[in-house]
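Summary of the model geometry
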Amino acid sequence: MDHKSHTKYLIIGGSHAGLTALDEIRVYDPEGSITLVSKEYPPYSPTVLPYIICGKINERSIFLRGDQYFSEKKVTLVKNHSVVAVDTKASEVTLDDGQRIQYEKLLIVSGAEPTPPPIPGLSPSYAFTLRTLVDVKRILQEAGRIQSALVLGAGLIGMHIAECLAQKGIKVEVVEMLPQILPGYFDLECSELIRREFASHEINCYTNNSATRVETSNGKVVMNLQKGQRLEGGILIATTGVRACFDFLVNSEIRTDRGILVDDTMRTSVENVWAAGDVAQAKDFFSDKKVLSATLPDAVVQGKIAGKAMVGVESISPYPGSIPMNTFNFFGNRALAMGFANPEEKEGYEIDTMYLPTAKIYQKMVFKNNCLVGGSAINSLLDPGILLNLIRRKVDMAAVKAEFVGNPVQMSRRLMWKTWRKEEQERKRDDTG
Amino acid sequence: MTLGKAYKTIAVYPEKCDGCGDCVQACLEAKSYTKNPIHSRIKPIKEIHEEFFAPVICLQCGDPSCVPNCPSGALNKNPESGVVEWNEEKCVNCLLCTLGCPYGGVTYDPVAEHVIKCDHCAGDPACIKVCKPKALEYKTVSELYKKWGDLEDLFVPGVSACLGCNSELLMRHTLRKVGPDTVLATPPGCIGGVGSVGYNGLTATKTPVFFPLLTNIASMLAGARRYYNRIGRDVTMLALAGDGGTADVGFQSLSGAAERGEQMIYICIDNEGYMNTGVQRSGTTPYGAWTSTTPVGPALRGKTRDNKNMPLIMMMHNCEYVATASLAFLEDYYKKLDKAIEASKRGMAYIHVFSPCPTGWRFSPSMLIEVARKGVETNMVPLWEFEYKTWELRFTYPVDNPVPVEKYLSLVGKYRHLSPEQIKHIQEVTNQRIEVLKKFVKMLSTVLGQNFKNIFLIMFFLSFRLS
């Protein structure tokens, strides 16, 4: 099929960043034509997938938008197709069926995909990943059959699946290359507490260890570890990491690194092309580097900025930079990590830690130059969104630090009122009262 | 999302909150049937060290950040009620919504083991009914506009203002707010010229109004007020004067009245020139602007001098209240009128209103509000206020990411001829003036705020910077 169509806004990908951008475009441009190309339809969030495995939500009710939404928003949907090439000179993309779409403005929100580690013997026929609904169905199918499972990679998804499978009565073992579980988000102390909780539910985590060879014998997956152990499981789930999906940009002029490089308004090196979400490599909050950020809240923030920028809204607040953040729930406990919770050099940082072992409460706050820069917590009642804004706005906490660590909820709410809430209320007093 | 619909909201007035906690009890009764405040959807901040209380509650944001953060679609803004609704069936308990909300509006309830948030009790919030100090009110934004609309318009319809006149909009809104117990002075200029003042019953104003000379607006009002003070009547003195009557011809009497602390509200309607006599330049005409006396031709390219910074000059007079305004930001203007009315009981309140003129500035009447808005968004017209009582200067609409001045200049015909150098100059002056203001804000909030309260120090500091 060699069919060519034209659209004002073209969005490649339909998860959080894409949908937020779409909403934002429609706020400022109610009529301009929008085309959305999505491999899967209806759209859903990869974040929700482990919850299907543990039965917290039905796979039919995970969809974020439906036909009615897209027709109300006047969006032309190109379902179940993917983009194979982008020609930035002609402002045109080519789909997998040869169809070509010409755009005025392009947004790439193609996300990321799992990368199975290069371990000898590892074969996709028994090594599962978890990123799509198809993956979920495969795992669920196997889950009824197996008594044990191996998880490679102790990240948020890996640990989450381990718990989900354990709840089904499956014996799970987790292998992690780095010295701690949940690296990148949680600090060592916090991850150690989480690990203990997993151990008490008979999930062993082999950290500082890696698989040297994987093979199958008697219908089981056998994994040989670097330190000599030999683990067996009915299936193997590899959650060792993801990579940004932008293969279709190989012959384009869009500059890429590990992701698509973007500026403060999510614009790529090409004038009429933007990128956001897991595929975008954008400014880091704490350094001058450009980083990949694979969190849902960041995808939303970026999608929103990209949407505004694509319409040409003049007064855009530039992207403040990516702050690592996540919530993680395990066996009825809640963990939270945000910002710079694990500074490598202690110089210049003030760290306050509180731990109540019997109540399983842990709280760590990290300050630099009297500003909150990060923290982690288990079962501590906090307002994460307020803390995140204290970090983002670099609120000076010199006078209140001691009280803050003693009663973070009251003190953070007070700071919230006295800074941005008051400011906003005064600015639009008559809207809110 | 339905945009523009007037939803009801729980309006919060922290200054009225006494921290009694009745709202929490009411919320618990309505929502949880227990006494444990952890289940309350409204959470007051209790401040031990100072008298500060504020209820923390979901704002039902117009553009909520919790909703797009939800991976399972469990949060949605109801297009009918405006309430951000939580669907227990769909919630997977990931708590990402709590990471999105910067107001503590959605929180985790460790006993119920899921997030909780305010749902307006299906349109009848329990907390509103028990709030004795009225720190919580349940109302829509439109009710507030209606409140203004219900005030009597003290100008008759059919005044002879030009199409799209900012001054007409301004005088109607101003008198609505200031009210009928007012003596109005409208000197020669557009306001007088459109028929606000006349004789033999032909006056368009429903309050006592008089027509002073350009030179004695403030001194005549001062005399009238002193008379009312003597006979013991509280009557507001209001001047609606142009920039000529304020910054040029009438300046000596205004400066004197301000220095003596005469009780009045003096509003300068700054249309940047003598618009009703044929568009001549004034002291507030900006650099580069075309007027009939700063023509554009082979030699001259509009005005060659920068305008005087009249509101800052008035701040230097120790006025009780000084503010700038633009009618693209009406709420802001109404708030400033409130403060001006109160300040005029003690001394002079001066408001400098940026007042684009379609006729004299050469732009379409339909663009009036857009021009008034762009002036602010480029930072050419910063919105700020100064209160002598607290010695505080603050931006009321801070523009952190201003758009380039061209975006404003290109809307207005009187700037059509500007060369890139002239635009550059205007941008530089704009930036410089914002910096000066920011320095004032910082200085007044630190050293002088607490210790000296001496205006002369500031004057010394800035005497070489004011342009």
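Residues numbered from 1 in each chain as written. Chains lettered and ligands numbered in written order. Predicted model: local features only at pLDDT ≥ 70, side-chain atom pairs only at ≥ 80, totals over all residues.

Digging into the overall build of chain B
Inclusion rule: Each helix is a run of DSSP H or I of at least 4 residues and each strand a run of E of at least 2, with the numbering of both proceeding from the N terminus. A pair of residues counts as a contact when their C-beta atoms, built from backbone coordinates, are separated by no more than 7 Å.
Assigned secondary structure in chain B consists of 17 helices and 16 strands. By its C-alpha atoms, chain B is 75 × 60 × 50 Å across when sized along the principal axes. Considering only intrachain contacts with a sequence separation of at least 6, the fraction spanning at least 24 residues in chain B is 67%.

Brief notes about the interface of chain A and chain B
With 45 residues of chain A at the contact, the number on the chain B side is 43 residues. The element best represented in the side of chain A that touches chain B is helix α10 (residues 408–427) of chain A, accounting for 8 residues.

Re the domain arrangement of chain A
All names here are of chain A. Note the threshold: What fixes the domain bounds is an automatic or database domain assignment.
Taken as a whole, chain A is organised into domain 1 (4–113 + 243–311), domain 2 (127–240) and domain 3 (332–432). Here the C-alpha centroids of domain 1 and domain 2 sit 31 Å apart. On the side of domain 2, 12 residues touch domain 1, which itself brings 10 residues to the contact. Here the element with the most residues in the side of domain 1 that touches domain 2 is helix α2 (residues 49–53); it accounts for 4 residues.

Some points on the nonpolar core
The condition is simple: A set of buried Ala, Val, Leu, Ile, Met, Phe, Trp, Tyr and Cys residues, joined to one another through C-beta atoms within 7 Å, is what we call a nonpolar core. Exposed residues have 12 or fewer other C-beta atoms within 10 Å of their own C-beta, buried residues have 20 or more, and partly exposed residues fall in between, where C-beta atoms are placed from the backbone.
Counting residues in each nonpolar core, the largest one holds 169 residues, and the members touching the most others are Leu107, Met266 and Ala276 of chain A. Of the residues forming this core, the biggest block, 8 residues, is contributed by helix α7 (residues 296–311) of chain A. Once you skip the residues sitting within four places of it in the chain, Met266 of chain A turns out to touch Trp274, Ala275, Ala276, Ala280, Ala282, Gln302, Ile305, Ala306, Ala309 and Tyr319 of chain A. Of all hydrophobic cores here, the second largest spans 86 residues; its members include Ala289, Ile351, Val371 and Tyr388 of chain B.

Quick look at the environment of Asn36 of chain B
Residue position: Asn36 of chain B is located in the loop between α1 (22–31) and β2 (43–46). Residue class for Asn36 of chain B comes out exposed when judged on the 10 C-beta atoms lying within 10 Å of it.

Notes on the sheet that holds strand β17 (residues 260–261) of chain A
Residue and element names in this part refer to chain A. Spelled out, the test is: Criterion used throughout: strands pair if DSSP finds at least two bridges between them.
Pairing is mixed in the open sheet, where 3 strands are placed in the order β17-β19-β20. Single-partner strands in this sheet number two, and they are β17 and β20 (290–292). In the sheet, strand β19 (residues 280–283) pairs with β20 via 3 bridges, with the strands oriented antiparallel. Bridge pairing links Ala282 to Val291 in β20.

Thoughts on the domain arrangement of chain B
Domains assigned within chain B are domain 1 (9–145) and domain 2 (147–462). On a C-alpha basis, the centroid separation for the pair domain 1 of chain B and domain 2 of chain B is 41 Å.

Points about the environment of Ser167 of chain B
Residue and element names in this part refer to chain B. Tracing the backbone shows Ser167 in helix α5 (residues 166–178). A tally of 26 C-beta atoms within 10 Å means that Ser167 is categorised as buried. A C-alpha to C-alpha distance of 19 Å links Ser167 and Thr291, two positions 124 residues apart in sequence. Apart from residues no more than four positions distant in its own chain, Ser167 is found in contact with Ala161, Cys190, Ile191, Ile269 and Ser355.

Re helix α13 (residues 368–377) of chain B
Residues and elements named next belong to chain B. Among the 10 residues in α13, 7 count as buried, and that is most of the element. Listed as buried for α13 are Leu368, Val371, Ala372, Lys374, Gly375, Val376 and Glu377. In this fold, the buried residues of α13 make contact with α5, β13 (321–326), β14 (348–354), α12 (358–361) and α14 (406–409).

Here's the deal with the environment of His160 of chain A
If you trace the backbone, His160 of chain A turns up in helix α5 (residues 156–167). The spacing of His160 of chain A and Cys54 of chain A is 106 residues in sequence and 9.3 Å in space, taken between C-alpha atoms.

Things to note about unusual backbone geometry
In this chain, Tyr41 of chain A is followed by Pro42 of chain A through a cis amide linkage whose omega measures -5 degrees. Of note in the backbone geometry, Ser91 of chain A takes a positive phi value of approximately 50 degrees without being a glycine. Accessibility expressed as a C-beta count within 10 Å gives 19 for Ser91 of chain A, which makes it partly exposed. With a phi close to 60 degrees, Val279 of chain B is a non-glycine residue in the positive phi region. Of note, Val279 of chain B is situated in the loop between β12 (264–270) and α10 (310–315). For Val279 of chain B, a count of 23 C-beta atoms within 10 Å puts it in the buried group.

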